[in-house]
Amino acid sequence: QVQLVESGGGLVQAGGSLRLSCAASGGSFSRYAMAWFRQAPEKEREFVSRIGWSGSNIYYSGSVKGRFTISRDNAKNTVYLQMNSLKPEDTAVYYCAGNSRGTYYTPNYAYWGKGTLVTVSS
């Protein structure tokens, strides 16, 4: 059983940057593709980005492509999300997920963290 813990969220002004981290424990982190999802108030959870087990096969949603960068360090069992040029519409709880059970952009993953809140002020 893999446990995921997100960190790095906070309050930032529009145009600013944040780096989210997701630390994994209790399982074979390096075997799994990992993803970030987000959920804004009263909205459905949406796909943000995905990275394959080796650090390749990277995908982004259209709304964050060019602004966010996903990466991973298998030696540290950690996946990152560098978020630049943040916009108020990026405000959401960001979740780390691992071991997709279906299509990578659907929230059908075996493991989830509890999320970290990102608030972008205008």
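A few points on the structure.

What counts as what
Residues numbered from 1 in each chain as written. Predicted model: local features only at pLDDT ≥ 70, side-chain atom pairs only at ≥ 80, totals over all residues. Heavy atoms only, no water. Disulfide = S-S within 2.5 Å. Helix = DSSP H or I, 4+ residues; strand = E, 2+ residues; numbered from the N terminus. Buried < 20%, exposed > 50% of the residue type's maximum accessible area, 1.4 Å probe, protein only. Core = buried A, V, L, I, M, F, W, Y, C linked by side-chain atoms within 4.5 Å. Contact = heavy atoms within 4.5 Å.

Next up on the list: the state of the cysteines. As enumerated under the stated definition, the model contains 1 disulfide in all. Linked covalently through their sulfurs, C22 and C96 form a disulfide whose S-S length is 2.1 Å. What sets the handedness of the C22 and C96 disulfide is the S-S torsion sign, and at about -80° it is left-handed. With C22 in strand β3 (residues 18–25) and C96 in strand β9 (residues 92–100), this residue pair connects regions lying 74 residues apart in the sequence. On the basis of relative accessibility, which here comes to 0%, the residue C22 falls in the buried class.

Turning to the nonpolar core, a few remarks are in order. If you look at the biggest cluster of nonpolar residues, it comprises 27 residues, and the most contacted ones within it are M34, W36, V79, L81, M83 and Y94. Within the residue set of this core, elements represented by two or more residues are β3, β4 (34–39), β5 (46–51), β7 (68–73), β8 (78–83), β9 and β11 (116–121). The element best represented in this core is β3, accounting for 4 residues. Those residues in contact with Y94, other than ones at most four positions away along the chain, are E6, L20, W36, F37, R38, V48, F68, L81, M83, G115, T116 and V118. Grouped together as the second largest cluster of nonpolar side chains are 5 residues, A35, F47, A97 and Y109 included.

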